[in-house]
Structure formats: C-alpha cells, structure tokens
Amino acid sequence: MSDKKATLKIYRGDNDGGEFKTYEVETYPGMVVLDAIHDIQAKQEPGLAVRWNCKAGRCGSCGAEVNGKPKLMCMTRMSAYDDDPEPIMVTPMKAFPILKDLVTDVSQNFRMAQKIPAFAPRPREADGTHRMQQDDIERIQEFRKCIECFLCQNTCHVIRDHGKKEDFAGPRFLIAMAGLDMHPLDTLDRRELLKDEFGIGYCNITRCCTEVCPEHINITDNGIIPMKERVADDYFDPVRWLIRKVGGEEKKKKASLPVIQNETSTPVVKKKKTEKAAKADE
Ligand code: SF4
Ligand code: SF4
Ligand code: FES
C-alpha cells in the first residue's frame, strides 16, 4: 500500500510558544494532509491536537497553513508537494490565538456573527406568497456556500497583520451582510452598520480572501465591492450629503432592492422602504 515517505514539520505548542517537530509518514495515493496528521496521531504522537469533523471539505473545521498557504487540510493532497524536496510545514492559522498545536481559537468570528441583524423579510403578498426574481436569488446564492472555515479571515491582512479584529468584520462577515442586504425580501438597511461597526472602509480590495476561499466564492468582486459602493454612495457622495443636510434623506429607488427609509428601527439599522410605500409617497 505504501508508495513512499514524506516528511512533515508540524507546529507543537500554544499561544505562549512552541516549536516545530519533524515526523515521517508513509504516503499512499489520494492521501491528504489531514490523513498524515491522523497517521502521526495514531502511530507517533497521540497528543497532537487537530480540529476536524467531516474530512470532506464541508464542515470548515480543519483550516491550517500548509507551507504558509491557508488550506483545508482534508482537501489538500500530499501529492501536491511531491516535487518539493523540503519538509511540508503545517502551522495553525496565524490570525487566531493558538489553543494547542493546530487548533486555534476562532471565537472572535462567532462574536462578530452575532452582530449581524437577522433577516427581516417584508410581509407576504395578498395571495400569501413571496415573489422574487431568479436573478436576485442567484446573486445571493453564492454567499450561502460559505462553510465558515475562516481561511479568508486568516488571510486578510487587515486582521492578520494590522490586528483590526474588533474594528473590521472581515471578508466572511462582509459577504454574510451582502447576502442579507442583497436579498430581495429583506427590509433592513445595514449600510451604517457596515461603515461604522464592520469597518468596511478598511478593506482595500486586495482579493487575497477570494484567492483562498475553498468554496470559490468571489468574495471581493461580488460581495465586498458592491457593498463598499453602496456605503460610499450613501455617505460620501457630496450631492447626497448636501441633500441630506438641507432637506433630509433623498428618495432612493432600486429595481431589486427595497428602498431606503429615513426612520430608524434600531440605532444602527434602518428599515428599507417597500416599493409599495415608495409609490404611495410619490
Ligand atoms: S479584499 Fe478586503 S477583505 Fe479581502 S483580504 Fe483584501 S482587505 Fe481583506
Ligand atoms: S467565505 Fe470562503 S474562505 Fe471565507 S469562511 Fe466562507 S468558505 Fe471559508
Ligand atoms: S474536516 Fe471538515 S472541512 Fe476538513
């Protein structure tokens, strides 16, 4: 069964410090990095800590850095490193505190998720249905593929290198907001939240998050950039600013998005105006 041997250098330690330890494993066709970690756990180092669940690229829990690149270990073939004479380096995700070995504390992400106002659909039509355009549904479907692996959060330099963990929501949560804001039935306006609490202005659209997403979600172009444009239109367009200053909020109309309303439902989230209400105002 064994093809040949591979050498791995794996980080062992916690947030206070640690070291790389070297292990050798016998490889076989189709073996992935997570298999190698399990092999080491079973035969050499039972205390080696790793988080995983599905081994099928679905649960998002086995994120780590393999040779410095953010990867799902269960979806990364050992054969991808066949031509590299150097040992395969496996390290925990750098942006998060290390609990033990390859296991990081990603609870910051869960706290950020809790800040997102829930989906608030408009009332059903008179016949009891909700009608939506297929194009609108397809647009947000992409964002729902997210498996919450947080590889994008780990890669984003705003979080990773500049430590803006509290001021910047990060790519995963910006597309979560995009998925709600672009939903044709949703009635909340999340732009003020995006600007102030979620710090969307920190994103300088480097697209590093998009490059590492195992679900191939076009995070930057399809999610973040449209949201940045909406925030900029609303807060930094000098004409709109002037209109707001002298005459209150101007009327906005969007074909697929409910129209913004002036009144607030919470300090940071405004209700979007329904098309029906907008027509009544005209
Ligand atoms: S595009 Fe924005 S969110 Fe994505 S990695 Fe770059 S700065 Fe971070
Ligand atoms: S957007 Fe992609 S990289 Fe980010 S958490 Fe979701 S699946 Fe992972
Ligand atoms: S173990 Fe579930 S994504 Fe890797």
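Residues numbered from 1 in each chain as written. Chains lettered and ligands numbered in written order. Predicted model: local features only at pLDDT ≥ 70, side-chain atom pairs only at ≥ 80, totals over all residues.

**Focus: the site of ligand 1**
Put simply, the rule is: Whether a residue is near a molecule or strand depends on its C-beta atom, generated from backbone atoms, being within 6 Å of that molecule or strand. For the purposes of this entry, the term helix denotes a DSSP run of H or I that reaches at least four residues, the term strand denotes a run of E that reaches at least two, and both are numbered from the N terminus. Polar here means any residue other than Ala, Val, Leu, Ile, Met, Phe, Trp, Tyr, Cys and Pro, which are nonpolar, and Asp, Glu, Lys and Arg, which are charged; Gly is therefore polar.
Close contacts around ligand 1 come from 13 residues, with Cys156, Pro171, Cys203, Thr206 and Cys209 the closest. Those elements that provide at least two residues to the shell around ligand 1 are helix H8 (208-212) and helix H9 (219-236). A per-class count over the shell around ligand 1 returns 8 nonpolar, 4 polar and 1 charged.

**What to know about the site of ligand 2**
Around ligand 2, the surrounding shell holds 17 residues, and the nearest of these are Cys146, Cys149, Cys152, Arg172 and Cys213. Of all elements in the fold, only helix H4 (151-155) and helix H6 (171-181) reach the threshold of two or more residues within the shell around ligand 2. If you tally residues by element for the shell around ligand 2, the top one is H6, at 3 residues. Its residues assigned to classes, the shell around ligand 2 comprises 13 nonpolar, 1 polar and 3 charged.

**Thoughts on the packing of H6 against H9**
Basically, it comes down to this: All axes here are fitted lines through C-alpha atoms, helices being fitted over the stretch that makes contact, and every angle between N-to-C directions spans 0 to 180 degrees. Angles below 35 degrees are treated as roughly parallel, those above 145 as roughly antiparallel, those between 65 and 115 as roughly perpendicular, and all remaining angles as oblique. When the near helix sits turned anticlockwise from the far one by under a right angle, the crossing is termed left-handed; a clockwise turn instead gives a right-handed crossing. By definition, residue pairs are in contact when their C-beta atoms, positioned from the backbone, come within 7 Å.
Contact pair H6 / H9: the axes reach a minimum separation of 9 Å and the direction vectors enclose 70 degrees. The angle between H6 and H9 places the two elements in the roughly perpendicular class. H9 is crossed by H6, and the crossing has left-handed handedness. Taken together, the residues of H9 that come into contact with H6 (itself represented by Pro171, Leu174, Ile175, Met177, Ala178 and Asp181) are Ile219, Gly223, Ile224, Pro226 and Met227. Of the residues in the contact of H6 with H9, the class split is 9 nonpolar, 1 polar and 1 charged.

**What about the pairing of strand E5 (residues 88-91)?**
The condition that has to hold: Here a residue counts as buried when 20 or more other C-beta atoms fall within 10 Å of its C-beta, as exposed when 12 or fewer do, and as partly exposed in between; the C-beta atoms come from the backbone. Note: two strands are recorded as paired if DSSP finds a minimum of 2 bridges between them.
Of the two faces of E5, the one lined by Ile88 and Val90 is fully buried and the one lined by Met89 and Thr91 carries no buried residue. The pairing of strand E1 (residues 4-14) with E5 spans 3 bridges and is parallel. The partner of isoleucine 10 across the bridge, within E5, is valine 90. Alignment of strand E3 (residues 63-66) against E5, held across 2 bridges, turns out to be antiparallel. Across the sheet, the residue bridging to glutamate 65 is threonine 91, located in E5.

**Digging into the pairing of strand E4 (residues 69-72)**
Strand residues, when the strand is regular, have side chains that alternate between the two faces of the sheet. Pairing of E3 with E4 involves 4 bridges; the strand directions are antiparallel. Bridging across to E4, glutamate 65 finds its partner in proline 70.

**Re the confidence of the model for the protein**
Selection criterion: For every residue, the predictor assigns a confidence score, pLDDT, that lies between 0 and 100.
On average, residues of the protein score 88 in pLDDT, and 86% of them are at 70 or above. Considering only residues more than four positions removed or in separate chains, one finds that residues 250-268, a stretch of pLDDT under 50, has 40 contacts.

**Some points on the environment of isoleucine 224**
Checked against the element boundaries, isoleucine 224 lands in helix H9. Isoleucine 224 gets classed as buried once you count the C-beta atoms within 10 Å, which come to 23. In this structure, the C-alpha to C-alpha distance between isoleucine 224 and cysteine 203, residues 21 residues apart in sequence, is 8.3 Å. The contact partners of isoleucine 224, leaving out residues within four places of it in the chain, are Pro171, Leu174, Cys203, Ile205 and Ile219.

**Here we look at unusual backbone geometry**
Apart from glycine, the bulk of residues carry a negative phi angle, and the bulk of peptide bonds sit in the trans form. Phi angles above zero are rare outside glycine, and aspartate 101 is one such case at about 50 degrees. Tracing the chain through its elements places aspartate 101 in the loop between strand E6 (98-100) and strand E7 (103-104). Looking at aspartate 101, the number of C-beta atoms within 10 Å reads 24, which means it is buried. Of note, the phi angle at histidine 216 is positive, near 55 degrees, even though the residue is not glycine. Position of histidine 216 relative to the elements: it lies in the loop between H8 and H9.

**A few points about the environment of proline 117**
By the element assignment, proline 117 lies in the loop between helix H2 (107-114) and helix H3 (134-141). Classification of proline 117 as partly exposed rests on a count of 16 C-beta atoms within 10 Å. Distance in space between the C-alpha atoms of proline 117 and arginine 190 is 8.1 Å, their sequence separation being 73 residues.

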